[in-house]
Amino acid sequence: MSPMTYCLRYVLLLGALLCSPPTLAGNVLENSLWRVELDPATLAIRVTPAQHSPVQASSGVTGYKVSNLKQSANRMDWQWDDGAWTLSAALDQRDLSLSITARDPGELSFLKQPGSSMGKGLIWPLAEGRYVPAGDPLWQTFLLDQGAFNTTQDLSLPLWGVDHGGFTLNWLMTNPYNNRLIFSAENNTLALTVHHQFTSLEPNAPLTFKLSLGDVDLLAGARRYRKWLVDSGQYETLSDKLLKTPEAKKLLGASHVYLWGNDLLGPEDVRSWPALLKELRGNGVLASELRSSFDAESSQLLARAEPPLDRYQQVTLLRSLNAALNRKARSGWQSVVEPDMQKLADGYGVLRAELAVAFSDAVTATPERWGNTLSLTTIEQLKAAGLSRLWLGLGEGWEGGLWHPETVRQGVAAGYLVAPYDSYETALTITENPDWTTAHLGSRANQECAVVLETGTFKSGFQQSGHYTDPRCVRPLLEARIKAVQSKAGFNSWFLDAYATGMLFDSYRVGATMTQAQNAEGNIDASRWVNETLKLPTGSEDGNATTAQGVLFAHGMQTPVIGWGDSDMSKNPQSPYYLGRWFPDEQPQVFFKTVPLKEPYRTVHFAPQTRLPLYQAVFHGSVITTHHWLFDSLKLSNVRAENELTQLLYNVPPLYHLSAATLKQRLPVIARQDVFFRPLHERLATQAMTDFRWLTEDRQVQQTTFADGTRLVANFDVREREMDGRPLADRSITAFDANGGVTTYQVAVQR
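(A) Representation of the nonpolar core in the model. Counting 87 residues, the largest nonpolar core has I45, L96, I100, F110, W124, L143 and W160 as its most contacted members. Counting 76 residues, the second-largest nonpolar core is a separate cluster that includes L344, W370, L382 and L634.

(B) Structural detail: the sheet that holds strand β17 (residues 255-259). One open sheet accounts for eight strands, arranged β25-β24-β23-β22-β19-β18-β17-β26; its pairing is parallel. Of all strands in the sheet, those bounded by a partner on one side alone are β25 (624-626) and β26 (655-658). Geometrically, the sheet is characterised by an average inter-axis angle of 25° between neighbouring strands, direction not taken into account.

(C) Representation of the sheet that holds strand β2 (residues 34-38) within the structure. The sheet built from four strands is open, its strands ordered β1-β2-β3-β4 with antiparallel pairing. Unpaired on one side and paired on the other, β1 (27-30) and β4 (55-58) mark the two borders of the sheet. Across the sheet, the axes of successive neighbouring strands diverge by a mean angle of 25°, strand direction being ignored. Pairing of β2 with strand β3 (residues 45-49) involves five bridges; the strand directions are antiparallel. What sits directly across from R35, in β3, is T48.

(D) Just unusual backbone geometry, in detail. F583 connects to P584 through a cis peptide bond whose omega is -5°. With respect to the helices and strands, P584 occurs in the loop between α16 (567-570) and α17 (589-592). A cis amide bond links E599 with the next residue in sequence, P600, at an omega value of 5°. As for its position among the elements, P600 is in the loop between α17 and α18 (601-606). Even without being glycine, R699 reaches a positive phi, approximately 65°. As for its placement among the helices and strands, R699 is situated in the loop between β27 (689-694) and β28 (701-706). Despite not being glycine, R731 has its phi angle at roughly 45°, a positive value. Mapping R731 onto the fold places it in the loop between β31 (726-728) and β32 (732-736). Residue class for R731 comes out partly exposed when judged on its relative accessible area of 30%.

(E) The packing of helix α5 (residues 273-281) against helix α8 (residues 311-331), seen in detail. Orientation of α5 relative to α8, taken along the N-to-C sense of each, is 45°, at an axis distance of 12 Å. By the criterion of interaxial angle, the relationship of α5 to α8 is oblique. Crossing hand, α5 versus α8: left-handed. Taken together, the residues of α8 that come into contact with α5 (itself represented by W273, L276, L277 and L280) are Q314, L317, L318 and L321. Taken together, the residues of the contact of α5 with α8 break down into seven nonpolar, one polar and no charged.

(F) View of the packing of aromatic side chains. Within the structure shown, the criterion is met by 35 aromatic pairs. A ring pair is formed by W436 and F462, whose centres lie 6.1 Å apart and whose planes are at 75°; its orientation type is edge-to-face. With W436 in the loop between β20 (426-427) and α13 (443-448) and F462 in the loop between α13 and β21 (467-468), the pair connects residues that are 26 residues apart, well separated along the chain. W436 sits in the buried class, given a relative accessible area of 14%. Looking at F462, the relative accessible area reads 37%, which means it is partly exposed. Plain terms: the ring middles of F495 and F553 are 6.5 Å apart, the flat faces sit at 35° to each other, and that makes the pair tilted. One end of the pair, F495, is in strand β22 (residues 494-497); the other, F553, is in strand β24 (residues 553-555), and 58 residues separate them in sequence.

(G) Main features of the pattern of salt bridges. Evaluated as defined, the whole model comprises 36 salt bridges. For E236, the salt bridge identified is with R528, shortest N-O distance 3.2 Å. Residue E236 is located in the loop between α3 (220-231) and α4 (238-244), and its partner R528 is located in helix α15 (residues 516-532); the two are separated by 292 residues in the primary sequence. Overall, the relative accessible area of 16% leaves E236 in the buried class. One salt bridge connects R528 with E532, and the closest N-O pair in it is separated by 3.6 Å. Taken as a pair, R528 and E532 lie in helix α15 at a separation of four residues, close to a single helical turn. According to the relative accessible area criterion, E532 is partly exposed, its value standing at 26%. Where salt bridges share partners, they join E236, K244, D525, R528 and E532 into one cluster.

(H) The arrangement of the environment of G347 in detail. Of note, G347 is situated in helix α9 (residues 341-358). Looking at G347, the relative accessible area reads 24%, which means it is partly exposed. Each C-alpha atom, one on G347 and one on W403, is 9.4 Å from the other, the two residues being 56 residues apart in sequence.

(I) Spotlight on the packing of helix α12 (residues 405-413) against helix α14 (residues 471-489). Orientation of α12 relative to α14, taken along the N-to-C sense of each, is 80°, at an axis distance of 8 Å. Considering their axes alone, α12 and α14 lie roughly perpendicular with respect to each other. Contacts between α12 and α14 pair P405, V408 and R409 from the former with S487, K488 and A489 from the latter. By residue class, the composition of the contact of α12 with α14 is three nonpolar, one polar and two charged.

(J) Expanded view of a nonpolar patch on the surface. Together, F462, V561 and W564 make up a nonpolar patch on the protein surface, roughly 310 Å² of accessible area in all. Within the secondary structure, V561 is located in the loop between β24 and α16. Accessibility expressed as a relative area gives 30% for V561, which makes it partly exposed.

Cut-offs applied
- Residues numbered from 1 in each chain as written.
- Predicted model: local features only at pLDDT ≥ 70, side-chain atom pairs only at ≥ 80, totals over all residues.
- Heavy atoms only, no water.
- Core = buried A, V, L, I, M, F, W, Y, C linked by side-chain atoms within 4.5 Å.
- Buried < 20%, exposed > 50% of the residue type's maximum accessible area, 1.4 Å probe, protein only.
- Pairing = 2+ DSSP bridges.
- Helix = DSSP H or I, 4+ residues; strand = E, 2+ residues; numbered from the N terminus.
- Axes fitted to C-alpha atoms, helices over the stretch in contact; angles between N-to-C directions.
- Parallel < 35°, antiparallel > 145°, perpendicular 65-115°, else oblique.
- Left-handed = near helix turned anticlockwise from the far one by under 90°.
- Contact = heavy atoms within 4.5 Å.
- Nonpolar A, V, L, I, M, F, W, Y, C, P; charged D, E, K, R; others polar.
- Phe/Tyr/Trp six-rings, centres within 6.5 Å; stacked < 30°, edge-to-face > 60°.
- Salt bridge = Lys/Arg side-chain N within 4 Å of Asp/Glu carboxyl O.
- Patch = residues over 30% accessible without salt bridge, like charges linked within 9 Å, V, L, I, M, F, W, Y side chains within 5 Å.
- Areas by Shrake-Rupley, 256 points an atom, 1.4 Å probe, with all protein chains shown as cover.

And the structure:
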């Protein structure tokens, strides 16, 4: 070789090394499935799956001083900055497992996924799951506008993936706590930077995560996470849960329904409006106390109205009377250091009996049949509609059950699960929002159970009211109140607000610190206690993975909260997208008003081409999920078909709101889907979802498969399509069972 040729080769080799990604200078872990090049100074990771081109999975962070590097065929161990961090990486088949332990508290940026590694698309666990096409400007803007994501509440599963056509790469945060993910734009792609906070509460807790190589399967990362949960003893099958909570079998095939209008009196309970006016104007002790809390309009009406009262006057007067009765019942237990839970549970029935005597000339003589929506009449109508399985939730809380225990017990006798909304996540002060009864846990809980921030201040509660709580501290209150209320009202199910959302805090209270992991454990333990000790099937909000263990069902995964804080949806009554007011109590607009959904939310949340059943790939057969109550099956007018078909395709129940005034209109709609959904869900609810695929290039025809071989095929198109020679009606879903049975449901045409 001539000196000139030698020099030229040297220059070319030096140039290649200088221009190549930093991982080329790193260490190599390799097996027959893939090759991993890892730079121990920056954690840059370059992977080469067998028979595929390399991918820069992480471009690395600012370099650290490397020491004590040890490497074997499938493992590396080393330290950064003289022991400030201790790291390891191990390759086992399709998993690259990494661990970082810090010597001192602080935040560490440890992963930078470049935009170039986004491949064909991002696999993103937003609620049920989404596929984000590379280069899509709507999605890019939406994700950038969201700011930072944590991996407990903002993501339903602590993972994400990228689709490279012939394979997928999936990141699993096996320590899901204290992580922060931030997108940034790289031309028409999205880069992702990941940070972890090592806290002073537990600075030595390791950050652990995996990079998993998946096949040509968009659910590969979700399946790998499910297997990790099983292998680590954190997965509970629904079948096992049913053995511990037998009453939960009633969830199989049940549609979920919230009832509104659960106060003491309904219009039919007033047998004489003139007599009611007379009683309220009288000098009786009860009447005087009740009218003293009327608002100005009702007080004026009471003073001036003359029979016969028109409809508006009747509604206004009855609404004020019910509110006054609620305030009087609450006065026996609210605004105290710690509520007497037995006194709380007893007080409503005592007041009902008092009213029946004092107002005997004005109200019917059968208080056990009193009620507006929550009444024996409603239960009879549900049964008459052919609805044999329902989960009935009291959206206003457990007060309705204490006013109407006979109705609750009649619902239970009819085969339904009847549950109150209940909450312990926020503890209010004694002067705050008396109508949010479930958050009134006493002044002691508000102070002594409050989450304490690192600054020493209390963490403000929901919508800046009260304080968020340590679940271990409020646990005695939870147990005492649930037992007292359930014994009096007869509920056979329960709903714990927020406990399964993955909204977790670090608390720095002296002598009672709490990590996010301990917060999650406290939420799970409380839910499990209600399920397994009281044998009451218990659910919560969302069902995010880190807090899903203790619940049987969750509201908010199929359709999550959308557009929170969007002024058109929440603040501007003139907007066509305005969701509505939280009024009137017996039929709040926010739940019953039908509205279209604006962009970009319509595409992000309902375009069938970009939806993926990631959550169901993990938790179908473990947790039964449905919509958030803000976005029930009937709320959004311009995505009804997409919403209904996806719900049925994923084999999760619908969720509805009912009031006395909407029963006639809505019951036929509920019953129509029930005929198709109920028998399928009774059979499939306990089974794993084993496959999902797009059957057409335009992704309008989709299929899910379950463990018993049942296939559900949905045609989202507005025209008929064909599959294997079989016609698929427009906007329909067809169930093919393993024995050759075929049933079809077509979405009703909206007029």
